[in-house]
Protein chains: 2
Amino acid sequence: METLTVGQYDLIYNAFSFAFATLAAATIFFWLGRSQVAPQYKTAMTITGLVTFIAAYHYFRIGESWAAAFDTADASLQTTGYAFNQAYRYVDWLLTVPLLLVELILVMGLSRSETISRATRLGLLAALMIILGYPGEVATTAGARWFWGIASMIPFLWIIYELFVGLSSSIKDQPEDARGLVSVARYLVIGSWAFYPVVYFAGAVGLDGGTATVVIEVGYTIADITAKAVFGVLIFMIAQRKSAEYFARQNTVVQPAE
Amino acid sequence: METLTVGQYDLIYNAFSFAFATLAAATIFFWLGRSQVAPQYKTAMTITGLVTFIAAYHYFRIGESWAAAFDTADASLQTTGYAFNQAYRYVDWLLTVPLLLVELILVMGLSRSETISRATRLGLLAALMIILGYPGEVATTAGARWFWGIASMIPFLWIIYELFVGLSSSIKDQPEDARGLVSVARYLVIGSWAFYPVVYFAGAVGLDGGTATVVIEVGYTIADITAKAVFGVLIFMIAQRKSAEYFARQNTVVQPAE
């Protein structure tokens, strides 16, 4: 079996550190951005920042766990005997993936009842998707990885259906200036999520050893940054465009009568 | 081969600590400054602070990695066997250099379409410049250092062209009060960036051992502080000058009618 080299170890360590820095910076960006959107979009910005905050925390922990699992003294890589904690990723996703969908629903500004029903349904489906994926991630046989992976695809496909069929009439109701971005956000969710099963099944098709580890860890990291930080920037841009009218009205209101 | 002395080790360690303190302080300065600029410049100030935030994080990590690589007990410098992680710098630049250009574009207050196209182009060129430089930084031969260094100069020269030719008409459109500072900001980008290849090629012209390490580490540190914290102060000054009219108008509005 091919084993991890020091260079591969370093690449993964640096990817984790990069993700921490990006996600922490994104968190501040979103929370400061709250003051630049209309009141009805402030919760969407708060949650967008929560997602990157939770992910930044987990990448910090993942980096620590990675460093504790290996010893790199004298440019030779040895395992320390402490296992790298893969579960951090799933704990993170269990929290962040439902919230990601909630932030998309919130920024759309639907009616209260539609917001609650769609956010609840999408949130539960996302949580189910993560829970079903985990047993496969830690499975030692390819068969188990396939079984749980495919089980996890059922809520995943349902989410895609909800986003593309369920939401399509609501997207048509978005202001023209924001409609294109809302649609892009939906594709970004699917595009970045499509990454996860690819990485996941890389472990099931027999890719093994150092290269597999690099593909899995760096792949998940890129997917997380895209699905959380890049997605969040889109949410912010949507919220800002939809807030333009609110701020314009505010400025008009305080104009003195001639 | 000349090796590092305890004095040189200390000088570099203290430079890293100085950079962390400066960049962390600059971060707070820029974020607090958000409330002193007009709404359209708040994102520029947020990003200015993100750049120094990300850099402060990396200088903290760089300092820790430096300390872990050497043992200075009894005033005798010994390596510990753990490599100093040079990659932190490149991970930092990959994030901060594109953002630096974005903050300059944002503070110029161009049209939405021009902002997006220029920020995207400059951001991608900057990322490409960093990615091409990295293989040379970790290369063990001077030839590889020259090859990747020169490859990295191509996007660098393109960025200079964009800043001096592409942006020149937009700079003429800046309010008179801010025009000079925007032009200075542009020169500061180029001036501080010119520092990086000098330091980079110091490793390719055969400068070696302790002196080379001091030149590289302290040189990069001075360049980072100039390009991020000093540059950010300029961005804040530009944003403030361009906000004067906004605040004057706001004050007029709340005046009671005579």
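As the structure is a prediction and not an experimental result, all values here were calculated from the model.

Visitor: Describe in detail the confidence of the model for chain A, supporting the description with residues and values.
Guide: Residue and element names in this part refer to chain A. Here chain A shows a mean pLDDT of 90. Residues at 70 or above account for 95%. When pLDDT is averaged over each helix and strand of chain A, the minimum, 86, is found for helix α7 (residues 176–202) and the maximum, 97, for helix α2 (residues 42–69). If you check the scores for this complex, the pTM reads 0.92 and the ipTM reads 0.91.

Visitor: How would you summarise the pattern of salt bridges if you had to cite specific residues and measurements?
Guide: Side chains that carry opposite charge are capable of pairing whenever their charged atoms lie near each other. Within this structure, the stated rule accounts for 19 salt bridges over all chains. With its nearest N and O atoms 2.7 Å apart, the salt bridge here joins Glu217 of chain A to Arg89 of chain A. One end of the pair, Glu217 of chain A, is in helix α8 (residues 209–253); the other, Arg89 of chain A, is in helix α3 (residues 87–108), with 128 residues separating them in the sequence. Judged on exposure class, the residue Glu217 of chain A and its partner Arg89 of chain A are both buried. Salt-bridge contacts for Asp224 of chain B lead to Arg89 of chain B; the nearest nitrogen and oxygen are separated by 3.6 Å. One end of the pair, Asp224 of chain B, is in helix α8 (residues 209–253); the other, Arg89 of chain B, is in helix α3 (residues 87–108), and 135 residues separate them in sequence. Arg89 of chain B matches Asp224 of chain B in its accessibility class, with the two residues each being buried. What emerges from the salt-bridge pattern is a single network uniting Arg89, Asp92, Glu217, Asp224 and Lys228 of chain A.

Visitor: Could you give me a rundown of the environment of Phe53 of chain B, with the residues and numbers involved?
Guide: With respect to the helices, strands and loops of the structure, Phe53 of chain B is situated in helix α2 (residues 42–69). As for Phe53 of chain B and Ala75 of chain B, which are separated by 22 residues in sequence, their C-alpha atoms are 34 Å apart. In contact with Phe53 of chain B, not counting residues within four places along its chain, are Ala24 and Ala25 of chain A together with Thr27 and Trp31 of chain B.

Basis of the calculations
- Residues numbered from 1 in each chain as written.
- Chains lettered and ligands numbered in written order.
- Predicted model: local features only at pLDDT ≥ 70, side-chain atom pairs only at ≥ 80, totals over all residues.
- Heavy atoms only, no water.
- pLDDT = per-residue confidence, 0-100.
- Helix = DSSP H or I, 4+ residues; strand = E, 2+ residues; numbered from the N terminus.
- Salt bridge = Lys/Arg side-chain N within 4 Å of Asp/Glu carboxyl O.
- Buried < 20%, exposed > 50% of the residue type's maximum accessible area, 1.4 Å probe, protein only.
- Contact = heavy atoms within 4.5 Å.

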